[in-house]
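# Reading the structure
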Amino acid sequence: MKLQYALGAASAVVAVCTAQPALAQARLFDIPAQSAVTGIPAFARQAGVQIVAPAGGLDGKRTRAVKGRLAVDQALAHLLQGTGLRVGARNGQTISLVADTTSDARFSDTALAEREAQAEIIVTGTRVAGMRAADSPTPIQVIDQNQLKRTGQPDMIQSLAQNLPTVQVQAFGSDLQAATQQMRLRGLSPNHTLVLLNGKRRHGTANVAVAGGVFNGGAAPDVSFILPDSIDRVEVLQDGAAAQYGTDAIAGVINFIQKKADHGGTINATAGQYFDEGGETYSVSGNIGIAPFENAYLNLTAENKRHDYSFRGDVNPLVYGPSAVAQRYLSTYPAIAQMPDYPYVNKRLGDPQSKQTTVNFNGGYDFGDVELYTFGSWAHKIVRARQNYRPPDVVTSANGTPLFPGGFAPVLRGDDTDYSFSAGLKGNLGGTTFDIASTYGRDEFAVYVEKSANASLYKDKGFTPDTFYDGTFTASQWSNTLDLTHEFDLGLASPLTVAGGLEWRRETYGIGQGDPASYYASGAQAFIGYGPNNAGGHHRTNFSQYLDLAVKPVDGWLVEGAVRHERYSDFGDTTALKLTTRLDLSSAFAVRGTISTGFRAPTLGESFYSGVNVGTVGVSGLFPPGSNAAVSLGFGGLKPEKSTSYNLGFVFKPARNLSITIDGYWTTIRDRIVMSGSYYGYLGNACPEGYKESGAFDANRCGVYNADTYAIYNQQAVLDAVAASLGGEIPSYILKNLAGTRNVDGAVSIQTFVNGMDTRNRGIDLMVNYKTDLGSLGGIDWSLAANYNELKVTKVGAPPSKLYQSTINPAATALMNKYSIWSWENSFPKFRAVLNAFWTMGDFSLNLRENYYSSQSTLTSISGVDFVYKNHAAFITDLEAAYQLTRNVKVAIGANNLTNHYPSKLPYDKIRKNQYLTGDRGYSWNGYLTDGSFGINGGYYYGRLTLTF
């Protein structure tokens, strides 16, 4: 028995029955998400077709919303997504639906057409409803939920990086940077990519990246709190979009679209570890869709995951080996040799330990023309990162007795609580679509130091805690938006789409005070706590308006233009522009291009972050750019960045199963915000005149005296500023060694965020997709994604006016020294490619991913001579095999970096040998080039069990 849905009016039925099929013809649809029992008839009426469905086949199912001008077959495919139904046959204007129970027809012409229409309708980068990624005038990649799952490690940021070569991920982070991984698009800053959840701006992390490298200053959203199991797809716009979404979208936009299913669910259990040692990981996650009542949906996802330490370092020659300093330590403190894991006492190099619990939700209620929606997340993450080993003489009593006879290695702990909530109304009234929403998000990052001590407190008072609360970073964002869209028929090839809107946003950033013991004098070892002088709260507001126009003047030519005006309470007004066009020269070939401008105000974290790190041989401070200390040294406050971007691309579809896109881009950024170079108040081996020949202990390790060099690295103003931040004095062990003479390994330095340079990024993106039908052997989805990206520093800002400026070696006192510039230009591969093959045959599937990374390099100085060392080009293979045991049970095993490949080692003779022989602790953690995109841990092997219901 069949149920038939047709147009209600008799005359309309006759017209439909006598008309020729026009399923490819575009029609204007406005169908909200609803029960399939009412959604299918509504679609039939608006499409002018008859639809036949199995009896009872619509019960308990919901159809998706379909809005905008779409071809009938494309709109129907989108409507049916997630219902378990598909088109079985077409006869004139009659369409028959059947249950989608077969998987072997995945490569039939019908299945290909339906899947293409379902998977690639985008909402990012355009205000035109119903646009597919293949028709976009800007480069956009769509990653579906299945691609996210096939990346092994249960982490969103790794899923993106393994699928998209334009995404670069921080491979290793020290200190607090280990707790929040950052990513960037096209070699720009993490702060240049706008992250959206369901089209709404996501709040940033409170944990600003300050531990060094090209990710410094990163305060982008922590996407590990967006669960892969909650996501339907990810849309990645690889083009400047400041005029459309906000002035920080200079590199592009990543939009995570959550599931809206109101039935069914999955449970995933994953476990794995590194081949060589450590990194044991497990994750249990679940997703369920429910319909609390008619026309409502609620989709819930929860995950609990754990990841253990890894260690990829070496022995610590500070307390092991033939050096004079090691022998002195071992003879003075024999308990060192009894330490656990001796001589591998410095375990800084490797992954931190993390524990994370996350909940995501997405829900809504359909009133008919209006939908009430809400979504959000809550997460708690605890991360522990090992710090450098401290020898016994670092913490001693007033009479010199060590608190730790064998030394100690602190652990830096971050407790991160993150939550967000969005609610809104969207719909269509009188032909105008509207979306009004409010979103609040907050991140609280509490910092603790464990297994540590306060050396000054112990020496002065005879006691010290071993665990310190250092303070809490907080960041919040409250945004309120109104978006309106209306189509006007001007008699052109398509209606004129006019979109406009408003946004008001309030942002906050604060540093909460720690325990008094954490900031007393020299403070807690590894990370000094925040006292009343550093703590405080800051906020600003932003109000913006935008207008977006899109039209096809003639068939095959799309033109879009956007303008956005923003007013910041702290940085004033700015206007961003974008012009986009696409010309389809044929059904198989198109040209597209964009020109856009952008503006990025400094994040509140960049403006107000403050921190001092007290290490085993050095103290390094990061002063807020506008603080009294920074201003006294000649630094000034920050000003906004400005950008200009160009994009030119081609879309080629020579066959139904083959598509190719090539996009070239050129982005210039002026007054780019980066961390300055280090300015020194003390550098131990830059010794005063005559000291090298004095015969004092370790004096022979001093460099040859040079008055200019001594002045560069021993600036009293810097020493005084750092001492003031530590309560008035520098810890004595920084300046003096075990023998009481000059510590040639000691260092005292400061940095701050500055408008340090102008940059130019240019490159090419390539994307190729192909599908192969192997008949009885199934089929293969092929994809090739490649990116070439080149960054050039075109200008360096002026150095601080009140510090010493060398006329003999100006580069040594420049705002950005040559080593930093080299890092920006060369520390990441310029070329990366990902070739992926996904083969399915019945219940079996195999995913093979081959990653290519071109070489990268670092510039360093060895005994005053510059030396370049390379991480050589590498192929990294990922493999996953899966089998559907039953209708509801699927198992998978796989490997990331199947061949257990490591980055290139630093040359022993030129670098590491001297470190070992002189007792330099750097030997224990600099065996590899840690900027390598594929990490320092080698192969990761895993298994996954999936239950579907």
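Residues numbered from 1 in each chain as written. Predicted model: local features only at pLDDT ≥ 70, side-chain atom pairs only at ≥ 80, totals over all residues. Heavy atoms only, no water.

Naming follows an unreviewed UniProt entry, where the chain appears as TonB-dependent receptor of Novosphingobium album. Under Subcellular location (unreviewed entry), UniProt gives the following word-for-word description of the chain: "Cell outer membrane". Listed in UniProt under the heading Sequence similarities (unreviewed entry), the comment for the chain reads: "Belongs to the TonB-dependent receptor family." (UniProt positions renumbered as here; feature names shortened; annotations may be inferred.)

This brings us to the environment of Asp-745. By secondary structure assignment, the location of Asp-745 is in the loop between α15 (732–735) and β34 (747–773). For Asp-745, a relative accessible area of 29% corresponds to the partly exposed category. Note: C-alpha distance between Asp-745 and Gly-48 (697 residues apart in sequence) is 81 Å. Beyond its immediate chain neighbours, meaning those up to four positions away, Asp-745 contacts Val-617 and Arg-701. (Helix = DSSP H or I, 4+ residues; strand = E, 2+ residues; numbered from the N terminus. Buried < 20%, exposed > 50% of the residue type's maximum accessible area, 1.4 Å probe, protein only. Contact = heavy atoms within 4.5 Å.)

Glancing now at the pairing of strand β32 (residues 658–675). Bridging between strand β31 (residues 641–655) and β32 involves 12 bridges; their strand directions are antiparallel. Paired with Ala-655 across the strands is Leu-658, a residue of β32. What sits between β31 and β32 in their antiparallel hairpin is a turn of two residues. Examined bridge by bridge, β32 and β34 share 16 bridges and lie antiparallel to one another. Across the sheet, residue Ile-662 finds its bridge partner in β34, namely Leu-766. (Pairing = 2+ DSSP bridges.)

Moving on to helix α8 (residues 324–332). Listing the buried residues of α8 in full gives Val-325, Ala-326 and Tyr-329. Buried residues of α8 fall within an arc of 100 degrees about the axis and therefore sit on the same side. For α8, exposure combined with an orientation more than 90 degrees from the buried face picks out Ala-324 and Ser-331. Close packing links the buried residues of α8 with α17 (908–918). (Arc of directions from axis to C-beta.)

Looking now at helix α14 (residues 716–725). At 3.6 residues per turn, the α-helix brings residues three or four places apart onto the same side. Here α14 has its buried residues at Val-718, Leu-719, Ala-721, Val-722 and Ala-723. Where α14 is buried, its residues meet β30 (618–623), β33 (679–683) and β34. Positive backbone phi, at 90 degrees, marks Gly-727, one or two positions downstream of α14.

Glancing now at the sheet that holds strand β9 (residues 140–144). Pairing is mixed across the open sheet formed by five strands, whose spatial order is β9-β14-β15-β12-β13. The outermost strands of the open sheet, each flanked by one partner alone, are β9 and β13 (200–201). Where strand β12 (residues 193–197) meets β13, two bridges bridge the pair, whose relative direction is antiparallel. Along β13, the bridge assignment pairs Leu-197 with Lys-200. Against the sheet, helix α6 (residues 156–163) touches β9, β14 (231–237) and β15 (252–258), its axis set at about 120 degrees to β15. (Axes fitted to C-alpha atoms, helices over the stretch in contact; angles between N-to-C directions.)

For the structure on display, the rule yields one disulfide. A disulfide bridge connects Cys-687 with Cys-702, and the sulfur atoms are separated by 1.9 Å. Residues Cys-687 and Cys-702 share a disulfide whose torsion about the S-S bond is about -75 degrees; that sign makes it left-handed. Placement of the pair is Cys-687 in the loop between β33 and α13 (707–713) and Cys-702 in the loop between β33 and α13, with a sequence separation of 15 residues. Each member of the pair, Cys-687 together with Cys-702, is buried. (Disulfide = S-S within 2.5 Å.)

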